[in-house]
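Secondary and tertiary structure notes
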Amino acid sequence: MKKNKNIINFSRRRFNIYFLFSVSFFLFPKKSVGLKNDPIKKIKYNNFVWYLNEKD
Amino acid sequence: MIFNSLEQVNISNIPVVIVGSGPAAITIALELEKNNIDSLIVEAGEEKYNYDSQQNYRGEIVGDTISDLTHNRLRQFGGTSGHWGGWSRPLEDYHFEKWDIKKEDLDKYSDNTCNILGIKNKFDKANLNDYFDQIKFQYSKVRFGKKYKSHIFKSDKINLALKTQVSHFEGNNNTTQFAVCYSNGKKYMVPSKIFILACGGIENSRILLWTREKNSQFIDPKLPIGKYWMCHPWMLGGNGVIKKSKFKNILKDKFIDSNKPIHIATTKKLRTAQNILGGTFYMNAIEDTKIHKEIIKDLLCIAPELGKKVARKVFNKDLKCGNIFLQLEEEPRIDNQITLHSKLKDNLNIPITKLFYKQSTSTVRNAKKILEEFANFCRETGSGRIAILDEVYQLKSYDSLGVNHHMGGTRIGSSPKTSVVDKNLKIHNNKNLYVAGSSNFTSGGFANPTYTIVQLSLRLSAEITNKLV
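Residues numbered from 1 in each chain as written. Chains lettered and ligands numbered in written order. Predicted model: local features only at pLDDT ≥ 70, side-chain atom pairs only at ≥ 80, totals over all residues.

All names here are of chain B. Ranked by size, the top nonpolar core spans 116 residues in total, and within it Ile18, Val19 and Ile196 carry the most contacts. Tallying contributions element by element places helix H11 (residues 361-381) first for this core, with eight residues. With near-sequence residues (within four places) excluded, valine 19 lies in contact with Val42, Val166, Ala179, Ile196, Leu197, Ala198, Cys199 and Ile207. Cys231, Val403, Met407 and Phe441 belong to the second largest nonpolar core, which has eleven residues in total. (Core = buried A, V, L, I, M, F, W, Y, C linked by C-beta atoms within 7 Å. Buried ≥ 20, exposed ≤ 12 C-beta atoms within 10 Å, placed from the backbone. Helix = DSSP H or I, 4+ residues; strand = E, 2+ residues; numbered from the N terminus. Contact = placed C-beta atoms within 7 Å.)

Encoded structure:
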């Protein structure tokens, strides 16, 4: 009986984690998906001004 | 029927005289024919290009450099469609904000317009974000002279007189009575019920100005003829590298996939948010060209890691590398105007065109704002990296790559103080003189003008038919 309880509890916890994960995914604002908020870095080179990300 | 001079035409009883034989003129004649109405098309040039005839199109440009007026239009049967690029697309609804015509007024002629231009009525637009759309142009291969020669030759309703130049119009009591023509060295007074001036974004104004100079009582002296002249500034704005697949990811099934360059256009929201006029731009992304290598070389120097990533994909068709060319909307300014030259004259002793044109400082500002927003979009979405040409970035100036779209000069409007024709394209305070073509545009939008010229011509044909039938 004790063993069985443990299994049930573990399964519920895992279910909760998956549930919270999926809810958070749906609540995540769609507009920011794929957008990077890297700061802009402008570099002038050969008569052109490049708009780069800081990490570039 | 096609005639080599006016001498062979019975001019006594033709209800509509159309001056010019380009897309506007031919469209109108074809529509009138469907409604059993006779017309006379008067073309100053010959069936094909003639060097001496073409010289009558020379003009002086005062101000900033634009393409030579002698060569960027054609004085021949079919008009400038004899060498146009064929890019076709309707104006956006917000481009009509200052017109007395709404987009819906012209949209009903879309099917017929596409039929005349030999293109599909499919002008897709896919929204990238608040500020940009991917758009599709249709490419017409129609040369009006070539396509409609046989039809006009066989027609007993359309009379085309070649080598016949209209000098001016004559009339009284606000009624036009004659088109004064010269053909084979002879002068003809051609009578008609309706006269339509359809000979291009320069000549329409020039003939009206000469008509007014000959008889100031006949054409309202206050009309701003020749003023608010515009073009589409066409320039190199920058260069860059973009990933086609990223655009596909953003647009999903709405992505416009073709072997043509990716065309991007500004949205109404960008115009409003940044208080600018809009434009369209494209990248000449042909793989493995010199420019392709130059851009990757630059990237390797300024951002080595990114440069290496791009260089590894150099032969990947997904990667587009190239110069960015912009075609922008230009603000209509009263000072940009067509006038008559005080000294130089053409073969009929009519003053040639003197065009005053100054680039607007707002054009380069618009170009920078558009490219800056697009550069940020590419950066933030990982779709690519964009560089702006330093002259544009510094708001100094831009080098025009050519000015081939002539618009304005006889703009549409309700007030004779600020416009030349009314919403039916009839000259203010005149009963039967109409104007067709891009000279009527109140604003130019960013799409090439021929599509809208044909739409307006179809609408004018309906108006004339209602009057005559």
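Let us keep going from here.
Residues and elements named next belong to chain B. Pairing is antiparallel across the open sheet formed by three strands, whose spatial order is E10-E11-E12. In the strand order of this sheet, the two ends are held by strand E10 (164-172) and strand E12 (186-191), each with one partner. Across this sheet, the average inter-strand angle for adjacent strands is 25°, counted without regard to direction. Taken together, the eight bridges between E10 and strand E11 (residues 175-183) define a ladder with antiparallel strand orientation. Looking across to E11, one finds that glutamate 170 is bridged to phenylalanine 178. (Pairing = 2+ DSSP bridges. Axes fitted to C-alpha atoms, helices over the stretch in contact; angles between N-to-C directions.)

Many authors give the size of an interface as the accessible area that is lost as the parts come together. The interface is formed by 20 residues belonging to chain B together with 16 residues belonging to chain A. Among the secondary structure elements, those contributing two or more residues to the side of chain B that touches chain A are strand E15 (234-243), helix H9 (290-302), H11, strand E21 (384-389) and helix H12 (390-393) of chain B. Its residues placed into classes, the side of chain B that touches chain A shows ten nonpolar, five polar and five charged. Relative to E21(B), strand E2 (residues 48-53) of chain A is paired through four bridges, and the arrangement is antiparallel. (Nonpolar A, V, L, I, M, F, W, Y, C, P; charged D, E, K, R; others polar.)

Below, the discussion takes up the environment of Ser362(B). Residue and element names in this part refer to chain B. Checked against the element boundaries, serine 362 lands in helix H11. Note on serine 362: 15 C-beta atoms within 10 Å, which makes it partly exposed. Distance from serine 362 to arginine 411, taken between C-alpha atoms, is 21 Å for residues 49 residues apart in sequence.

Attention now goes to the packing of helix H1 (residues 23-34) of chain B against helix H13 (residues 450-468) of chain B. Residues and elements named next belong to chain B. Packing of H1 against H13 brings their axes to within 8 Å, and their N-to-C directions diverge by 35°. Handedness of the H1/H13 crossing: right-handed. Residues Pro23, Ala24, Thr27, Ile28, Glu31 and Leu32 of H1 lie in contact with H13, whose contacting residues are Thr450, Ile453, Val454, Ser457, Leu458, Leu460, Ser461, Ile464 and Thr465. Grouping the constituent residues of the contact of H1 with H13 by class yields nine nonpolar, five polar and one charged. (Left-handed = near helix turned anticlockwise from the far one by under 90°.)

With that out of the way, let us pick up the sheet that holds strand E18 (residues 319-328) of chain B. Pairing between the strands of a sheet comes from backbone hydrogen bonds, and it takes one of two forms, parallel or antiparallel. Reading across the sheet, the nine strands line up as E1(A)-E2(A)-E21(B)-E15(B)-E18(B)-E17(B)-E16(B)-E7(B)-E6(B) and stay open at both edges, with antiparallel pairing between neighbours. On the outer flanks of this sheet lie strand E1 (40-45) of chain A together with strand E6 (125-127) of chain B, each paired with one strand and no other. Taking the axes of each pair of neighbouring strands and ignoring which way they run, one obtains an average angle of 30° across the sheet. Where E15(B) meets E18(B), nine bridges bridge the pair, whose relative direction is antiparallel. Paired with Met235(B) across the two strands is Leu326(B), which belongs to E18(B). Relative to E15(B), helix H7 (residues 244-251) of chain B is tilted by about 85°, and along the sheet it contacts E6, strand E7 (132-135), E15 and E18 of chain B.

Take the domain arrangement of chain B next. In terms of domains, chain B is made up of domain 1 (2-93 + 144-229 + 407-468) and domain 2 (234-328 + 361-393). One C-alpha centre belongs to domain 1 of chain B, the other to domain 2 of chain B, and the line joining them spans 39 Å. (Domains from an automatic or database assignment.)

Before going further, it helps to spend a moment on the packing of helix H4 (residues 110-117) of chain B against H13(B). All names here are of chain B. At a minimum axis separation of 9 Å, H4 and H13 run at an interaxial angle of 120°. Taken together, the axis directions place H4 and H13 in an arrangement best described as oblique. Here H4 runs over H13; the crossing is right-handed. Residues Asn112, Thr113, Ile116 and Leu117 of H4 form the contact with H13, whose own contacting residues are Tyr451, Val454, Gln455 and Leu458. The residue inventory of the contact of H4 with H13, partitioned by class, reads five nonpolar, three polar and no charged. (Parallel < 35°, antiparallel > 145°, perpendicular 65-115°, else oblique.)

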